[in-house]
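Spelled out from the first residue to the last, the chains are:
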Amino acid sequence: MTDDKLTPPNAVLVAIDIAKVRNEVLMEYPDKKRRKRLSVLNTREEHDRFIDLLAAINRPVTVAFEATGNYHRAIAWRLLNAGFDVRLIPSVGLARTREALHNGWDKNDPKDAQVMLHMLKNGATQHYHDPLAAQINDIQELSKTHEMVSRAKTQIWHRLLTHYLPLY
């Protein structure tokens, strides 16, 4: 039987909206009403500072984020190695939940972090498995290459179909 409640009840919940240069973080403590918001740059020093901050809490910490390009990989790797529970939020689920909660498709980083925190509290997340740690990086790269080759083949086929003029 599967566990219905994936998020521990006494854990500090952390939602990270990943971006290229700066990540927006929203933290919620179980015994406090106010949330803590901070920005973490995508540098090693900032990641170290953030991990030290989370480790100093002395409680279980559950971190969730939406995979954004490859920008999430560095901080996810660091959080996993530091021993935190790391969760992945599906992009489509995040978009639909944001639309339902805020009655529209308008998005921004702080709003996304709030929606991620909501999804984390409700257990609408997946366990994050790092491709390098799980030793599936090669399979993932082959899959991406296959997708690119298939897309290129389809584009060439469509070009041939639309631009080929038979000579009579």
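Just so it is clear, the model here is predicted, and its values are computed rather than measured. (Residues numbered from 1 in each chain as written. Predicted model: local features only at pLDDT ≥ 70, side-chain atom pairs only at ≥ 80, totals over all residues. Heavy atoms only, no water.)

## Quick notes on the overall build of the chain
Thought 1: Scanning the chain for helices and strands turns up 5 helices and 6 strands.
Thought 2: Listing each helix as α and each strand as β along the chain from the N terminus yields β-β-β-α-β-α-β-α-α-β-α.
Thought 3: For 168 residues, the compact-globule formula gives about 15 Å, and the C-alpha radius of gyration of the chain, at 20 Å, lies well above that figure.
Thought 4: When the backbone C-alpha atoms are referred to their principal axes, the chain occupies close to 80 × 40 × 40 Å.
Thought 5: In the chain, once contacts between residues fewer than 6 apart in sequence are set aside, the share between residues at least 24 apart is 57%.
Thought 6: Accessible surface, the chain as shown: approximately 11,100 Å² in total, 56% of it carbon and sulfur.
Thought 7: The positive charge centre, built from 24 side chains, and the negative charge centre, built from 20, are 4 Å apart in the chain. (Helix = DSSP H or I, 4+ residues; strand = E, 2+ residues; numbered from the N terminus. Rg over C-alpha atoms; globule rule 2.2 N^0.38 Å. Contact = heavy atoms within 4.5 Å. Areas by Shrake-Rupley, 256 points an atom, 1.4 Å probe, with all protein chains shown as cover. Lys, Arg positive; Asp, Glu negative; His and termini not counted. Charge placed at Lys NZ, Arg CZ, Asp CG, Glu CD.)

## Remarks on the nonpolar core
Thought 1: Val14, Ile16, Met27, Phe50, Leu54 and Leu79 are the most contacted members of the largest nonpolar core, which has 23 residues in total.
Thought 2: When contributions to this core are tallied by element, the ones reaching two or more residues are strand S1 (12-17), strand S2 (22-28), strand S3 (36-41), helix H1 (44-55), strand S4 (61-65), helix H2 (72-81) and strand S5 (85-88).
Thought 3: Filtering out sequence-adjacent residues up to four positions away, Leu79 remains in contact with Ile16, Phe50, Ile51, Leu54, Val63, Phe84 and Val86.
Thought 4: Ala15, Leu26, Val115 and Leu117 belong to the second-largest nonpolar core, a separate cluster that totals 13 residues. (Core = buried A, V, L, I, M, F, W, Y, C linked by side-chain atoms within 4.5 Å. Buried < 20%, exposed > 50% of the residue type's maximum accessible area, 1.4 Å probe, protein only.)

## Observations regarding the packing of H1 against H2
Thought 1: One way to put it is that H1 packs onto H2 with a least axis distance of 11 Å and a crossing angle of 35°. Once H1 is placed against H2, the crossing between them reads as right-handed. Residues Arg44, His47, Asp48, Phe50, Ile51 and Leu54 of H1 lie in contact with H2, whose contacting residues are Ala74, Ile75, Arg78 and Leu79.
Thought 2: For the contact of H1 with H2, the per-class residue count stands at 6 nonpolar, 1 polar and 3 charged. (Axes fitted to C-alpha atoms, helices over the stretch in contact; angles between N-to-C directions. Left-handed = near helix turned anticlockwise from the far one by under 90°. Nonpolar A, V, L, I, M, F, W, Y, C, P; charged D, E, K, R; others polar.)

## Focus on the environment of Ile89
Thought 1: Relative to the helices and strands, Ile89 is located in the loop between S5 and helix H3 (91-102).
Thought 2: A sequence separation of 30 residues divides Ile89 from Met119, and the C-alpha atoms of the two residues are 7.9 Å apart.
Thought 3: Contacts of Ile89, omitting those with residues within four sequence positions, involve Ala64, Phe65, Glu66, Ala67, Leu94, Met116, Met119 and Thr125.

## Thoughts on the environment of Arg35
Thought 1: Within the element layout of this structure, Arg35 appears in the loop between S2 and S3.
Thought 2: Exposure remark for Arg35: the relative accessible area of 35% places this residue in the partly exposed category.
Thought 3: Along the primary structure Arg35 and Leu13 are separated by 22 residues, whereas in three dimensions their C-alpha atoms are 9.8 Å apart.
Thought 4: Discounting residues that sit within four places of it in the chain, Arg35 has contacts with Leu26, Met27, Glu28, Gln114, Leu117 and Lys121.
Thought 5: Looking at Arg35, its side chain comes within polar contact range of the side chain of Glu28, at 2.8 Å. (Polar contact = N/O pair within 3.5 Å; in protein donor to acceptor, adjacent residues only side chain to side chain.)

## Structural notes on the sheet that holds S1
Thought 1: Taken in spatial order, the 6 strands of this open sheet run S3-S2-S1-S4-S5-S6, and their pairing is mixed. Each of the sheet's edge strands pairs with one partner strand only, and the pair in question is S3 and strand S6 (126-127).
Thought 2: Alignment of S5 against S6, held across 2 bridges, turns out to be antiparallel. Bridge assignment links Arg87 to a residue of S6, and that residue is His127.
Thought 3: Across the sheet, H1 touches S1, S2, S3 and S4, and the angle it forms with S3 is around 150°.
Thought 4: Against the sheet, H2 makes contact with S1, S2, S4 and S5, and its axis sits at roughly 165° relative to S4, the strand it touches most. (Pairing = 2+ DSSP bridges.)

## A word on unusual backbone geometry
Thought 1: With phi around 60°, Asn58 is a residue other than glycine that occupies positive phi space.
Thought 2: By secondary structure assignment, the location of Asn58 is in the loop between H1 and S4.

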